[in-house]
Amino acid sequence: MSCPDHIVDYMHDYLDEEISEREEQELRKHLHSCSDCEQHFRELKKAIAFVQNTSHIKAPDGFTASVMAKLPKEKKKLEMSR
Ligand SMILES: [Zn+2]
């Protein structure tokens, strides 16, 4: 099974969610018949999931706490100014 050059482009388009339905079908069809590309695609997805997970972990601690701390104060100020 030969690998068309655009299959790798399709993988990136798919992960960017910028792939058309027709291209996605072609990509899936190739991944089913080509274990090399399937593994490459899996590695890509893993790398992206890792980036998303680490950026997700960074946010909560300080960020939500400071947002929550600000909310009641803002509310009190509004009530007092009435
Ligand atoms: Zn392939």
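**Section: the nonpolar core**
At step 1: The biggest cluster of nonpolar side chains holds ten residues, and these are Ile7, Tyr10, Met11, Ile19, Leu27, Leu31, Cys34, Cys37, Phe41 and Leu44.
At step 2: Elements with a contribution of two residues or more to this core: α1 (5-15), α2 (21-33) and α3 (35-58).
At step 3: In this view, Met11 contacts Leu27, Leu31, Cys37, His40, Phe41 and Leu44; residues no more than four positions away in its chain are not counted.

**Some remarks on the coordination of the zinc ion**
At step 1: Looking at the zinc ion, one finds its protein donor set to be Cys3 (SG), His30 (NE2), Cys34 (SG) and Cys37 (SG), positioned 2.0 to 2.3 Å from the metal centre.
At step 2: Here the zinc ion is ringed by four donor atoms whose angles at the metal span 100 to 118°, and the overall shape comes out tetrahedral.
At step 3: Here the donor residues for the zinc ion map to a single chain with the spacing C-x26-H-x3-C-x2-C. As far as the burial class goes, Cys34 and Cys37 line up, both buried.

**Remarks on the layout of surface pockets**
At step 1: Taken as a whole, the largest pocket spans an internal volume of roughly 170 Å³.
At step 2: In this structure, the largest pocket is lined by Tyr14, Leu27, Arg28, Leu31, His32, Glu38, Phe41, Arg42 and Lys45.
At step 3: For the lining of the largest pocket, the elements supplying multiple residues, two or more each, are α2 and α3.
At step 4: Of the residues that constitute the lining of the largest pocket, the class distribution is four nonpolar, one polar and four charged.

The rules we used
- Residues numbered from 1 in each chain as written.
- Predicted model: local features only at pLDDT ≥ 70, side-chain atom pairs only at ≥ 80, totals over all residues.
- Heavy atoms only, no water.
- Core = buried A, V, L, I, M, F, W, Y, C linked by side-chain atoms within 4.5 Å.
- Buried < 20%, exposed > 50% of the residue type's maximum accessible area, 1.4 Å probe, protein only.
- Helix = DSSP H or I, 4+ residues; strand = E, 2+ residues; numbered from the N terminus.
- Contact = heavy atoms within 4.5 Å.
- Donors = N, O, S within 2.8 Å, 3.2 Å for Na, K, Ca; no water.
- Tetrahedral: all angles 85-135°; square planar, octahedral: opposite > 155°, others 65-115°.
- 1 Å grid on protein atoms, 1.4 Å probe; cavity = no way out; pocket = protein on both sides within 12 Å on 5 of 7 lines; lining within 4 Å.
- Points joined across faces, edges and corners; volume = space filled by probe spheres on them.
- Nonpolar A, V, L, I, M, F, W, Y, C, P; charged D, E, K, R; others polar.

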